[in-house]
Amino acid sequence: MSIVKTLAVAALVTIGGAWPALADCAADLTAIDQAMASASLTDDQKAQAEELKKSATDNCTAGKTDEAAAPIGQLKEMLGLS
């Protein structure tokens, strides 16, 4: 197999392996968005939730699902989704 084909296959395997984690990330953020819309939070809690959501979204978008896990976990706990 040529080096180009080998690299292409390796890239597809890497992307394929990451896809389920990105899907989970997106599902978590969707659930968080829905919960935030109806949550009874103080102004300070809302500000904290927005910061955590931004961090989670940025990390999910960048494919850094491990780094997104902590803010997602905090948001789920804050919103009673855990």
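Residues numbered from 1 in each chain as written. Predicted model: local features only at pLDDT ≥ 70, side-chain atom pairs only at ≥ 80, totals over all residues. Heavy atoms only, no water.

**Points about the nonpolar core**
Stage number 1. Counting 14 residues, the largest nonpolar core has Ile32, Cys60, Ile72 and Leu79 as the members making the most contacts within it.
Stage number 2. Elements represented by at least two residues in this core include exactly α1 (3-38), α2 (43-61) and α3 (65-79).
Stage number 3. Ranked by the residues each element gives to this core, the list is headed by α1, at 5 residues.
Stage number 4. Apart from residues lying up to four places away in sequence, Ile72 is in contact with Cys25, Asp28, Ile32, Ala56 and Cys60. (Core = buried A, V, L, I, M, F, W, Y, C linked by side-chain atoms within 4.5 Å. Buried < 20%, exposed > 50% of the residue type's maximum accessible area, 1.4 Å probe, protein only. Helix = DSSP H or I, 4+ residues; strand = E, 2+ residues; numbered from the N terminus. Contact = heavy atoms within 4.5 Å.)

**Structural notes on the state of the cysteines**
Should the sulfur atoms of two cysteines be covalently bonded, the bond is a disulfide.
Stage number 1. Applying the stated criterion to the full structure yields 1 disulfide.
Stage number 2. With its sulfur 1.5 Å from that of its partner, Cys25 forms a disulfide with Cys60. On the S-S bond that ties Cys25 to Cys60, the torsion sits near -55°, and the link is left-handed. Here Cys25, found in helix α1, pairs with Cys60, found in helix α2; they are 35 residues apart in sequence, far enough to count as distant. This pair shows no difference in class: Cys25 is buried, exactly as Cys60 is. (Disulfide = S-S within 2.5 Å.)

**Comments concerning the confidence of the model for the protein**
Stage number 1. Per-residue confidence for the protein gives a mean pLDDT of 81, with 72% of residues at or over 70.
Stage number 2. Per-element averaging of pLDDT across the protein places α1 at the bottom with 66 and α2 at the top with 95.
Stage number 3. This stretch, residues 7-21, has a pLDDT under 50; its non-local contacts, to residues over four places away or in other chains, come to 2 contacts. (pLDDT = per-residue confidence, 0-100.)

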